[in-house]
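Read off the chains here:
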Amino acid sequence: MASAVPPTSAHREANLHHRLAGTGLDAVIATTTTELRLAPGASPAEQVWQLTGGSTGRHRLIDLPYSDTHHDDEFPTRTAPRTSVRAA
């Protein structure tokens, strides 16, 4: 009896994307793999995110779609105070 080799996280990620594609789910989901996350010097801010819905390639965290307008209304961005120029 041969021992089964567990699938890599990349294989699991691809399977998840394949399964989600057939659901008609209208949501943005970004995934990454253990290999990409644990690589030396890796950061979640880097180009390690794969989007569902037929997107090709990996994306940086800052480039992922954002649609939480409720959060924006609840926690508005604070602007830096204006610095005034003193008259001499």
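The model shown is predicted, which means the values in this text are computed figures rather than measured ones.

(A) Focus on helix H1 (residues 9-21). Taking 1.5 Å per residue, 13 residues should reach 18 Å; H1 reaches 18 Å between its end C-alpha atoms and fits that length. Regarding H1, the residues found buried are Ser9, Glu13 and His17. Along H1, the residues classed as buried sweep out an arc of 80 degrees about the axis, all on the same side. Pointing more than 90 degrees away from the buried face of H1 are the exposed residues His11, Arg12, His18 and Arg19.

(B) Spatial organisation of the side chain of glutamate 13. Relative to the helices and strands, glutamate 13 resides in helix H1. Assessed through its relative accessible area of 7%, glutamate 13 is described here as buried. One polar contact links glutamate 13 to arginine 58, side chain to side chain, over a distance of 2.6 Å. Ignoring any residue separated from it by four or fewer positions in sequence, one finds glutamate 13 in contact with Thr31, Thr32, Thr33, Gln50 and Arg58.

(C) A negative patch on the surface, seen in detail. On the surface, Asp68, Asp72, Asp73 and Glu74 cluster together to form a negatively charged patch. In this fold, aspartate 72 is placed in helix H3 (residues 69-74). Residue class for aspartate 72 comes out partly exposed when judged on its relative accessible area of 36%.

(D) Quick look at the environment of aspartate 63. For aspartate 63, the position within the fold is in the loop between strand E2 (50-51) and H3. Since its relative accessible area comes to 43%, aspartate 63 is described here as partly exposed. As a C-alpha pair, aspartate 63 and tryptophan 49 span 14 residues in sequence and 9.5 Å in three-dimensional space. A distance of 2.9 Å separates a polar atom in the side chain of aspartate 63 from a polar atom in the side chain of arginine 60.

(E) Representation of the confidence of the model for the protein within the structure. On average, residues of the protein score 82 in pLDDT, and 81% of them are at 70 or above. Of all helices and strands in the protein, the one with the weakest mean pLDDT is H3 (76), whereas E2 scores best (94).

Each value, and the rule that gives it
- Residues numbered from 1 in each chain as written.
- Predicted model: local features only at pLDDT ≥ 70, side-chain atom pairs only at ≥ 80, totals over all residues.
- Heavy atoms only, no water.
- Helix = DSSP H or I, 4+ residues; strand = E, 2+ residues; numbered from the N terminus.
- Expected span 1.5 Å × (residues − 1).
- Buried < 20%, exposed > 50% of the residue type's maximum accessible area, 1.4 Å probe, protein only.
- Arc of directions from axis to C-beta.
- Polar contact = N/O pair within 3.5 Å; in protein donor to acceptor, adjacent residues only side chain to side chain.
- Contact = heavy atoms within 4.5 Å.
- Patch = residues over 30% accessible without salt bridge, like charges linked within 9 Å, V, L, I, M, F, W, Y side chains within 5 Å.
- Areas by Shrake-Rupley, 256 points an atom, 1.4 Å probe, with all protein chains shown as cover.
- Salt bridge = Lys/Arg side-chain N within 4 Å of Asp/Glu carboxyl O.
- Lys, Arg positive; Asp, Glu negative; His and termini not counted.
- Charge placed at Lys NZ, Arg CZ, Asp CG, Glu CD.
- pLDDT = per-residue confidence, 0-100.

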